[in-house]
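Listed below are the residues making up each chain.
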Amino acid sequence: MFDRFHARLIPCQSKSERGDVLLAKSLLEMIDITKLFPGVRALSNVNLTVEEGEVHAIVGENGAGKSTLMNVLSGIYPFGTYEGQILYDGEECRFRVIRDSEKKGIVIIHQELALVPYLSIGENIFLGNEQHTTGFIDWDATYHNADKLLRKVGLNESSRTLIKDIGVGKQQLVEIAKALGKNVRLLILDEPTASLNDVDSRKLLDLILDLKKNGITSIIISHKLDEISYVADKITIIRDGLTIETLDKATDDISEPRIVRGMVGREMVDRFPKREPNIGSECLRIEDWTVRHPLFTDRLVVQDASLNVRRGEIVGLAGLMGAGRTELATSVFGRAYGTVLKGRIFKDGQPIILTSISKAIQHGIAYITEDRKGDGLVLPVSISENISLAKLSKVSKKYFLDKDLEKNVAKDYRDRLSIKTPSVNQLVGNLSGGNQQKVLVSKWMFTDPEVLFLDEPTRGIDVGAKYEIYCIMNDLVASGKAVIMISSDLQEILGMCDRIYVMYEGKIIGELPRAEASQEKIMSMILSASKGA
Amino acid sequence: MKDKDEIQGMINGTGVEETIRVQGMLNENGSGSAIQQQEDNTSIMQVVLSTLKKNSMLIALIVVLIIFGFSTGGTILVPRNVSNLIFQNAYVAILAVGMLLCILTGGNIDLSVGSTVCLVGAFAGELMIVRKMPVLPSILICLFVGLLIGVWHGIWIAYIGVPPFIATLAGQLIFRGSSLIVLNGLTLAPFPDEFQRLATGHIPDFFKIDGLDLNVTCLGLGVLAALVFLAIRISGRIRKIRKGYAPGGAIYFYINTGVLAAIIVFVSFWLALYEGMPTVMVTLIIVVLIYAILTSMTVPGRYLYALGGNPKAARMSGIDTKKVMFFAYANMSFLAGVAGLVFATRLNSANPTAGQNFELDAIASCFIGGASAYGGIGTVSGVLIGAAFMGIMNNGMNFMGFQTAAQQVVKGMVLLLAVGFDVLSKRKSR
């Protein structure tokens, strides 16, 4: 495989033969790209060839160098900070700023969308590219052209709508419309579906295929291999800053196991660690839980939800984004969200009332957020201070902190959860996503919880770190704790949970034991609920 | 291989710039880079570097002292002037300590402190001069007024949700106006002697040795303080070792402790050469100690840093963030009350224009002292250095005959450069 790949690249190195490649209509060639950061070889001699009009996927584990490569291409790392050559449309390019690459029709859409929430869709589409006549913005042209672009991407919204009023899925489409507004030829999408539900993801992928028909070439970076199999013509696998291979849909096997093997360099036998369920008595029961939206008082985000979890059990909450799962968890967690209209909570059979987060913590309930940087961790503060934060009483006497004890606690967690850091004094903001997640889990383990809500515990972390988080979850239930996991990754839910609740629009529409659950069953439950509604 | 995975994982996880820092650390076998606090295994060179970097403002302070020392022919450093410096800047330092707590909560500032200083002074004048009330009850009432103003701000900011900038801007107007009303636009003077002595005199020498031009009490207190300091530091270290915690590098510890103790003794000796310890220094030391302990060693202190570092995460950790915010502002005006009394004794009058722009000096001291304008970062010791820096700049420029206008330009530039330097050095080290 490697030989074949290598052979394909040799022509690029001699000038006379480069003509052949051009004949094959290579839109983009990145040749021997090497990018060094002090002490790290982020990319070493990476090669990438993208043909005109194809969808080219780049896959690799977190940190393999995918984003770095795209940043080199788009000029975020300007010419001169890397070695190697970029040929675009047959000519060598030396991009110094993003604008240079955009002039050539290369547009990158980052995972974190670059939209301004309080500006309209139209203003956002032409941000930095304003429709103007001699410095004055032509609002008619702005909105007219924006509407045209929105129709192209199949978004049925007025371009005067504010960005904050549309969902993430639609925002993603606005980003693409924005790219189209810049006459894009090569569209780079970095994890475009990371925060989308299955339906929106599918829409987006179909749009990419649609654009392909109109001659727009795409490079897509994604973790979701099923999507890649669906959309990509070619797949380049990067590992540890090296191009491992390029698979061609037409000639190669591009099944998921095949891709994963390339990514991790070995066969992944099991994505989920084995566990013998040892289920005990009921730990937490929620009855008729109804929660009102904090701003829109006529909206019920959770409606008559009842569920329970037993000791030693992992219960999953499946559903589309916006089904009310996070809202259910956070409103139970000391009413951190919305207004609870009715409902009862029983802990070990006893009714409890949780009016504040600190009460919830006292009752042994922990909520591990889906947004670890947003409301989980204090980034400019050390690991040890983060771990103790939710239960400082355990490392203090009468308001005075015992910092040595605090540090030892942190070291203990560092060893138990193998958080990779030279020191527990390290600022959490300096850790990788997977390690941050482990710090977050440590923080809540330190509160001695009996019930843990884990909200998207593996979002945005790589395969290896995911496996470690799963192991930690198994250890938690093995020690008699109860876990409620919220996840948009159905495979994860199926792989980890003993029981699964399915939520749709604030209601629990079904409950499935592990043995009966399947991806199809859950999706069909959601679909029939959406038809019934 | 595994390590490399991790390093690369960090590239994606935290952005490349930060990776460089982490990477550097891993390469050096976990020895910590310059800006990291040192821990398990550290080399002396790195400790020195990190110490220098952590104390860059202290070094700047020393440099400025040396420059002014030369250009004023040493006048700025004579014991009499050092004593003066303390009188002149004690109230700014007290305000700056209070301001630090506000800034820690998220870069929030209190614009009303100058007016509060004035209003508390006005109350002091009204009570002691006009109504001839005894000193102690008057002081208590004045402090209570300060606290009340703080509670007022705290309610608006923490519980109603008015942005601190606006709430305290309103406070600035309200309390300035109130001072004018209390004083009827007039200046009241002079204060009773016992009140004046509280913050303008020196602690008398109880053990005067005839023929020796040295305040023995002052020196004795300094030595005592140094001994207490040593005892606390060393017993803390022994406890640490006994409990089996990593005690940190021994050399660094002893040098650090020894130098600090020597500074305490030296300052007390220097002051003893003049008239002894200024009484206001006692107030200042008490305030500084209380707040240094509060911010670095207690649970509420930790809450301040957590709130400033990430308010949402703090809330989701069960911290009553409103209460923390309320406390920071209630406390700020209380300390403004303390500063108001100190300043009133210094002026020996209650004046409706007193305290103008004090908030700016306090805020500048915090930022020069390394507090982050985004909150969550800053220490009492840093703020003290910042206040000293401002005070020495003022004093030195006065000696050198700078006009007020020129002084303002210089101070403004210093603030800008200090924060600019801080921002740049942080960016580089990432």
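Scoring rules and cut-offs
- Residues numbered from 1 in each chain as written.
- Chains lettered and ligands numbered in written order.
- Predicted model: local features only at pLDDT ≥ 70, side-chain atom pairs only at ≥ 80, totals over all residues.
- Heavy atoms only, no water.
- Helix = DSSP H or I, 4+ residues; strand = E, 2+ residues; numbered from the N terminus.
- Buried < 20%, exposed > 50% of the residue type's maximum accessible area, 1.4 Å probe, protein only.
- Contact = heavy atoms within 4.5 Å.
- Areas by Shrake-Rupley, 256 points an atom, 1.4 Å probe, with all protein chains shown as cover.
- Lys, Arg positive; Asp, Glu negative; His and termini not counted.
- Charge placed at Lys NZ, Arg CZ, Asp CG, Glu CD.
- Axes fitted to C-alpha atoms, helices over the stretch in contact; angles between N-to-C directions.
- Left-handed = near helix turned anticlockwise from the far one by under 90°.
- Nonpolar A, V, L, I, M, F, W, Y, C, P; charged D, E, K, R; others polar.
- Pairing = 2+ DSSP bridges.
- 1 Å grid on protein atoms, 1.4 Å probe; cavity = no way out; pocket = protein on both sides within 12 Å on 5 of 7 lines; lining within 4 Å.
- Points joined across faces, edges and corners; volume = space filled by probe spheres on them.
- Domains from an automatic or database assignment.
- Buried area = accessible area lost by both parts, 1.4 Å probe.
- Salt bridge = Lys/Arg side-chain N within 4 Å of Asp/Glu carboxyl O.
- Polar contact = N/O pair within 3.5 Å; in protein donor to acceptor, adjacent residues only side chain to side chain.
- Expected span 1.5 Å × (residues − 1).
- Arc of directions from axis to C-beta.
- Disulfide = S-S within 2.5 Å.
- Phe/Tyr/Trp six-rings, centres within 6.5 Å; stacked < 30°, edge-to-face > 60°.

### Concerning the overall build of chain A
Okay, step 1: Counting its regular elements, chain A contains 19 helices and 24 strands.
Okay, step 2: Expressed as lengths along the three principal axes of its C-alpha atoms, the size of chain A is roughly 80 × 50 × 50 Å.
Okay, step 3: Counting over 533 residues, chain A shows a buried share of 56%.
Okay, step 4: Across chain A, contacts joining residues at least 24 apart in sequence account for 66% of those joining residues at least 6 apart.
Okay, step 5: A total of about 22000 Å² of accessible surface is found on chain A, and carbon and sulfur atoms cover 51% of it.
Okay, step 6: Here chain A holds 69 positive side-chain charges and 73 negative ones, and the gap between their average locations is 3 Å.

### What to know about the overall build of chain B
Okay, step 1: Counting its regular elements, chain B contains 18 helices and 0 strands.
Okay, step 2: Residue burial in chain B is summarised as follows: out of 430 residues, 48% are buried.
Okay, step 3: Put simply, 75% of the contacts in chain B that link residues at least 6 apart link residues at least 24 apart.
Okay, step 4: Of the roughly 20000 Å² of accessible surface on chain B, a fraction of 69% belongs to carbon and sulfur atoms.

### A word on the packing of helix H7 (residues 135–160) of chain B against helix H8 (residues 164–183) of chain B
Residue and element names in this part refer to chain B.
Okay, step 1: Put simply, H7 and H8 touch, their axes get as near as 9 Å, and they point 145° apart. When the axes of H7 and H8 are compared, the crossing they make is right-handed. The residues of H8 that touch H7, namely those facing Ile149, Trp152, His153, Trp156 and Ile157, are Pro164, Ala167, Thr168, Gly171, Ile174 and Phe175.
Okay, step 2: Considered class by class, the residues forming the contact of H7 with H8 number 8 nonpolar, 3 polar and no charged.

### Some details on the sheet that holds strand S24 (residues 507–513) of chain A
Residues and elements named next belong to chain A.
Okay, step 1: Here 6 strands make up an open sheet; going across it, the order is S18-S21-S22-S15-S23-S24 and the pairing mixed. Since the sheet does not close on itself, it has two edges, and those belong to strand S18 (365–368) and S24, each with one partner. Mean inter-strand twist for the sheet, computed between neighbouring axes without regard to direction, equals 20°.
Okay, step 2: Relative to S24, strand S23 (residues 499–504) runs antiparallel, the two sharing 6 bridges. Bridge pairing links Arg499 to Pro513 in S24.

### Description of empty space enclosed by the protein
Residue and element names in this part refer to chain B.
Okay, step 1: Taken as a whole and assessed by the stated rule, the structure comprises 7 cavities of 30 Å³ or more.
Okay, step 2: Approximately 50 Å³ is the volume found for the second largest cavity.
Okay, step 3: Taken together, Val117, Cys118, Gly121, Ala122, Gly340, Phe343, Ala344, Leu347, Ser349, Ala350, Asn351 and Ala354 form the lining of the second largest cavity.
Okay, step 4: Within the residue set of the lining of the second largest cavity, elements represented by two or more residues are helix H6 (113–130) and helix H15 (321–347).
Okay, step 5: Across the lining of the second largest cavity, the residue classes break down as 8 nonpolar, 4 polar and no charged.

### Concerning the sheet that holds strand S10 (residues 217–221) of chain A
All names here are of chain A.
Okay, step 1: One open sheet accounts for 6 strands, arranged S6-S9-S10-S3-S11-S12; its pairing is mixed. The open sheet has two free edges, formed respectively by strand S6 (106–109) and strand S12 (242–248), since each of these has just one partner strand. The mean inter-strand angle of the sheet, taken between neighbouring strand axes irrespective of direction, is 15°.
Okay, step 2: In the sheet, strand S9 (residues 186–190) pairs with S10 via 5 bridges, with the strands oriented parallel. Within the sheet, the bridge partner assigned to Asp190 lies in S10 and is Ile221.
Okay, step 3: Sheet strands touched by helix H8 (residues 198–213): strand S3 (55–59), S9 and S10. Its angle to S10, the strand with the most contacts, is close to 150°.

### Brief notes about the domain arrangement of chain B
Size of an interface: often given as the accessible area lost when the parts come together.
Residues and elements named next belong to chain B.
Okay, step 1: We note that the domain assignment places domain 1 (52–201 + 278–429) and domain 2 (211–276) within chain B.
Okay, step 2: Taken together, the 9 residues of domain 1 in the interface contact 5 residues of domain 2.
Okay, step 3: Counting each side, the surface lost to burial between domain 1 and domain 2 is near 630 Å², with a carbon and sulfur contribution of 73%.
Okay, step 4: Our count for the contact surface shared by domain 1 and domain 2 stands at 0 salt bridges.
Okay, step 5: Connecting domain 1 to domain 2 are 2 residue pairs in polar contact (both at pLDDT 80 or more).

### Side note on the side chain of A:Gln426
Okay, step 1: Mapped onto the elements, A:Gln426 comes out in the loop between helix H15 (403–416) and helix H16 (433–445).
Okay, step 2: Only 2.8 Å separates the side chain of A:Gln426 from the side chain of A:Asn430, close enough to count as a polar contact.

### A few points about the pattern of salt bridges
All names here are of chain A.
Okay, step 1: As enumerated under the stated definition, the model contains 33 salt bridges over all chains in all.
Okay, step 2: Its salt-bridge partner being Glu450, residue Arg311 comes within 2.8 Å of it at the nearest N-O pair. Linking Arg311 in the loop between strand S14 (300–310) and strand S15 (314–319) with Glu450 in the loop between H16 and strand S21 (451–455), this pair joins segments that are 139 residues apart in sequence.
Okay, step 3: Residue Glu450 is classed as partly exposed on the basis of its relative accessible area of 26%.

### Points about H15(B)
Okay, step 1: The end-to-end C-alpha distance of H15(B), which contains 27 residues, comes to 39 Å, matching closely the 39 Å that a straight helix rising 1.5 Å per residue would cover.
Okay, step 2: Looking one or two residues past H15(B), B:Asn348 carries a phi angle of roughly 60°, positive in sign.

### So, helix H4 (residues 56–71) of chain B
All names here are of chain B.
Okay, step 1: With 16 residues, H4 should reach 22 Å at 1.5 Å per residue; the first-to-last C-alpha distance of 23 Å fits that figure.
Okay, step 2: All of the buried residues along H4 are Met57, Leu61, Val64, Phe68 and Gly69. In a view along the axis of H4, the buried residues occupy a sector of 140°, so they form one face of it. Opposite the buried face of H4, by more than 90 degrees, sit the exposed residues Ile67 and Phe70.
Okay, step 3: Once H4 ends, the next one or two residues include Gly73, with phi positive near 60°.

### What about the state of the cysteines?
All names here are of chain B.
Okay, step 1: Counted by the stated rule, this structure contains 0 disulfides over all chains.
Okay, step 2: With no disulfide partner, Cys142 has as its closest neighbouring cysteine sulfur the one in Cys118, 12 Å distant.
Okay, step 3: By relative accessible area, Cys142 is classed as buried at 0%.

### Some details on the packing of aromatic side chains
Residue and element names in this part refer to chain B.
Okay, step 1: Taken as a whole and judged by the stated rule, the model has 14 aromatic pairs over all chains.
Okay, step 2: Ring centres 5.6 Å apart and planes at 70° place the aromatic pair Trp152 and Trp156 in the edge-to-face group. Of this pair, Trp152 and Trp156 both sit in helix H7, separated by 4 residues, roughly a single helical turn.
Okay, step 3: Taking relative accessible area as the criterion, Trp156 reaches 33% and is therefore assigned partly exposed.
Okay, step 4: When the ring of Tyr159 is compared with that of Phe326, the centres are 5.8 Å apart and the planes differ by 55°; the resulting orientation is tilted. Here Tyr159, found in helix H7, pairs with Phe326, found in helix H15; they are 167 residues apart in sequence, far enough to count as distant.
Okay, step 5: Residue classification places Tyr159 among the partly exposed residues on the basis of a relative accessible area of 43%.
Okay, step 6: Of the residues examined, Phe326 reaches a relative accessible area of 21% and is grouped as partly exposed.

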